[in-house]
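Structural characterization, general
Single-letter residue listing:
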Amino acid sequence: MDNLEFLMNSLWTMVGAILVIFMLGGFILLEAGSTRMKNAGHIAGKTIFTFGISSLVFWAVGYGFIFGGDANFFVGMSDFFYSGAQIADASVQTTVFFVFQLAFAGISLTIALGGFAERAKLSVYLIFSVLFSAIVYPVIAHWIWGGGWLAEHGKQDFAGSTVVHLTGAMAAFAATILLKPRIGKYNADGSANPIFGHNQVYTALSVLILWVGWFGFNAGSTVSVADGFFGFVALNTNLAAAAGAVSALLISWVVLGKSDITTMLNGALAGLVAITASCAFVDTWGAVVIGLVAGILVFYSVRFFENRKIDDPIFALSVHGTAGVWGTLSNGLFATKELATVGQPGLFYGGGFHQLGVQALGVVTCALFAFVVSFVILYVIKKVSGLRVTEEEEIMGLDISEHGTYGYPEVFLPKDETKSV
């Protein structure tokens with residue numbers, strides 16, 4: 001490889017890393033817009049704070065656990081407290097690759113913390129962020145991306161439908177179970193009350209930011225510019241998102257009699273999550289089908305969880321969990337002979353059920369690991385110090401109860417008090 005190609009690969013991957021990190025802005029708007037304004041400042045602040053925690057833990061142990069040498073079944077055992085040393089035969093600057101992978105770890109944590117929304121203590125965010133970033137995410141990333149046992153089986157997960165999204169969703173699932181629903185979400189007879197987000201424009205803008213950021217997520221994962229393949233990956237990514245948005249809106253229109261904006265936004269995100277595993281392995285028509293199915297699945301998945309009294313304020317279980325499962329399995333159907341550089345072709349391309357079985361194995365084992373370990377971590381925290389703020393604090397809102405101020409002081413404080421805020 002000549003020096004120019006090396007530099008271009010590094011530049012493209014760095015651009016991808018920046019786009020992925022900027023997705024945190026999308027998640028801030030998504031979570032804040034989907035919840036009540038009394039918690040908006042808390043949500044925005046804890047997202048930045050927990051990304052800081054994730055970054056430090058990834059530097060200390062996360063990168064080494066995923067990509068280090070002398071690996072055992074669970075993790076690698078070298079390159080801790082990463083020094084930034086260059087590896088001579090790398091195709092991309094390793095410090096750039098480090099930042100790119102750090103961004104993915106931070107996004108997975110952010111997804112997981114969506115299950116805590118509007119009711120968890122800030123101290124719980126701190127403790128869980130450290131432990132998730134150290135012993136949950138790195139194990140699954142090592143299994144699939146770090147040369148672990150699922151990689152040896154040919155597991156296809158190009159940019160992380162399982163590694164990033166399903167892992168985060170299963171941690172969120174554990175949190176929603178242990179935290180229990182928000183006050184007022186369910187009636188005594190089990191029926192659900194809608195708790196509307198305070199700003200649908202925020203949520204729409206968040207989806208646009210995430211959509212753009214996803215080009216770094218998926219196309220950036222090529223970590224190469226040599227053959228321009230990143231353009232094909234970007235095309236598949238966009239088609240799946242478009243198909244998810246359209247199918248979700250149409251299914252809501254048919255079933256509810258009105259086209260639901262929130263469902264449409266969730267459909268776009270579900271299409272993006274689903275295509276993340278397969279964007280480099282499927283033809284364009286396959287990307288459209290994957291997105292269409294994801295949009296329909298997310299509509300029914302949201303209702304499935306709500307009917308079982310699982311209060312998921314930002315729909316992480318459906319958008320990142322259900323769509324993550326579908327996206328991972330879709331490789332076993334749509335991966336083509338020409339594009340299946342990892343594993344084997346899917347069922348529709350003459351590969352039989354082998355790759356579908358590998359994908360299913362990865363889904364089950366990774367989902368169970370992420371859920372069980374996250375559940376144990378949170379259960380211990382619950383027994384030692386508690387997970388949830390008091391009823392009074394939850395009613396007041398986490399802005400004032402956890403931070404002593406409001407994200408929207410003009411709304412909550414008397415006019416004479418806002419002058420000094």
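The rules behind each value
Residues numbered from 1 in each chain as written. Predicted model: local features only at pLDDT ≥ 70, side-chain atom pairs only at ≥ 80, totals over all residues. Heavy atoms only, no water. Helix = DSSP H or I, 4+ residues; strand = E, 2+ residues; numbered from the N terminus. Contact = heavy atoms within 4.5 Å. Patch = residues over 30% accessible without salt bridge, like charges linked within 9 Å, V, L, I, M, F, W, Y side chains within 5 Å. Areas by Shrake-Rupley, 256 points an atom, 1.4 Å probe, with all protein chains shown as cover. Salt bridge = Lys/Arg side-chain N within 4 Å of Asp/Glu carboxyl O. Buried < 20%, exposed > 50% of the residue type's maximum accessible area, 1.4 Å probe, protein only. Expected span 1.5 Å × (residues − 1). Core = buried A, V, L, I, M, F, W, Y, C linked by side-chain atoms within 4.5 Å. Disulfide = S-S within 2.5 Å. Phe/Tyr/Trp six-rings, centres within 6.5 Å; stacked < 30°, edge-to-face > 60°. Axes fitted to C-alpha atoms, helices over the stretch in contact; angles between N-to-C directions. Parallel < 35°, antiparallel > 145°, perpendicular 65-115°, else oblique. Left-handed = near helix turned anticlockwise from the far one by under 90°. Nonpolar A, V, L, I, M, F, W, Y, C, P; charged D, E, K, R; others polar.

In this section: the side chain of Thr35. Within the element layout of this structure, Thr35 appears in the loop between helix H1 (3-33) and helix H2 (40-67). Setting aside its immediate chain neighbours within four residues, Thr35 contacts Ile43, Ala117, Glu118, Phe196, Gly197, His198 and Pro313.

Take a nonpolar patch on the surface next. Taken together, the side chains of Phe49, Leu126, Ile127, Val130, Leu131 and Ile135 make up a nonpolar region of the molecular surface, amounting to roughly 420 Å² of accessible area. For the nonpolar patch, the element with the highest residue contribution is helix H4 (residues 122-145), accounting for five residues. Turning to its location among the elements, Leu131 is positioned in helix H4. For Leu131, a relative accessible area of 31% corresponds to the partly exposed category.

Turning our eyes to something else, we now look at helix H10 (residues 284-307). Helix length check: H10, at 24 residues, gives a terminal C-alpha distance of 35 Å against a target of 34 Å (1.5 Å per residue), a fit within 8%. Looking only at H10, the buried set comprises Gly286, Ala287, Ile290, Gly291, Ala294, Gly295, Val298, Phe299, Ser301, Val302 and Phe305. In this structure, the buried residues of H10 make contact with helix H8 (229-256), helix H9 (261-278) and helix H11 (316-334). Directly after H10, the chain includes Lys309, whose backbone phi takes a positive value near 60°.

Attention now moves to the environment of Phe128. Its location among the elements puts Phe128 in helix H4. With relative accessibility at 0%, the residue Phe128 sits in the buried group. Separated by 78 residues in sequence, Phe128 and Thr50 have C-alpha atoms that sit 9.4 Å apart.

Formed by 93 residues in total, the largest nonpolar core has its most connected members in Ile107, Phe116, Phe128, Tyr137, Trp143, Phe217 and Leu378. Other than its neighbours up to four places away in sequence, Phe116 contacts Val124, Tyr125, Phe128, Ala175, Leu179 and Leu378.

We now examine the pattern of salt bridges. Evaluation of the coordinates by the stated rule reveals six salt bridges. Residues Glu31 and Lys46 are paired through a salt bridge, measuring 3.0 Å at the closest nitrogen-oxygen approach. Residue Glu31 is found in helix H1, and its partner Lys46 is found in helix H2; the two are separated by 15 residues along the sequence. Under the relative-accessibility criterion, Glu31 is labelled buried at 2%. Note on Lys46: relative accessible area 2%, which makes it buried. Between Asp311 and Arg182 there is a salt bridge, with its nearest N and O atoms 2.8 Å apart. Here Arg182 lies in the loop between helix H6 (161-179) and helix H7 (200-218) and Asp311 lies in the loop between H10 and H11, a separation of 129 residues in the sequence. Comparing Asp311 with Arg182 shows no difference in burial state: the two are buried.

This part covers H8. The terminal C-alpha atoms of H8, which comprises 28 residues, lie 41 Å apart, in line with the 40 Å expected from a rise of 1.5 Å per residue. Trailing H8 by a residue or two, Gly257 shows a phi angle of about 85°, which is positive.

Let us look at the state of the cysteines. Each disulfide is one covalent bond, formed between the sulfur atoms of two cysteines. Summed over the entire model, instances satisfying the criterion amount to zero disulfides. In this structure Cys279 is a free cysteine whose sulfur lies 17 Å from that of Cys366, the closest cysteine sulfur available. The class of Cys279 is buried, set by a relative accessible area of 0%. Judged by relative accessible area, which is 2%, Cys366 ranks as buried.

Applying the stated criterion across every chain, the model contains 35 aromatic pairs. Through a chain of ring-to-ring contacts, the aromatic side chains of Phe58, Tyr63, Phe67, Tyr82, Phe97 and Phe98 assemble into a single cluster.

Turning our attention to unusual backbone geometry. Positive phi, close to 55°, is recorded for Asp70, a residue that is not glycine. Assignment of secondary structure puts Asp70 in the loop between H2 and helix H3 (94-113). Take Asp70: its relative accessible area is 69%, and that puts it in the exposed class. Even without a glycine there, the phi angle at Asp79 is positive, about 65°. Mapped onto the elements of the fold, Asp79 is located in the loop between H2 and H3.

On to the packing of H8 against H10. With their axes 7 Å apart at the nearest point, H8 and H10 run at an angle of 40° to one another. In terms of axis orientation, H8 runs oblique to H10. Our pair here, H8 against H10, has a crossing hand that is right-handed. Looking at the contact of H8 with H10, its residues break down into 15 nonpolar, seven polar and one charged.

Packed helix pairs are specified by the crossing angle of their axes together with the interaxial distance, meaning the distance between the axes. At a closest axis distance of 8 Å, the pairing of H1 and H3 adopts a crossing angle of 15°. The pairing of H1 with H3 is recorded here as roughly parallel in orientation. Note that H1 runs across H3; the crossing there is left-handed. Counting all contacts with H1, which are made through Ser10, Thr13, Met14, Gly16, Ala17, Val20, Ile21, Met23, Leu24, Phe27 and Glu31, the residues of H3 involved are Val96, Val99, Phe100, Ala103, Phe104, Ile107, Thr110, Ile111 and Leu113. Class assignment for the residues of the contact of H1 with H3 results in 15 nonpolar, four polar and one charged.

The next thing to look at is the side chain of Asn331. Position of Asn331 relative to the elements: it lies in helix H11. For Asn331, a relative accessible area of 0% puts it in the buried group. Setting aside residues no more than four positions away along its own chain, Asn331 makes contact with Gln156, Ala277, Ser278, Phe281, Gly346, Gln355 and Gln359.

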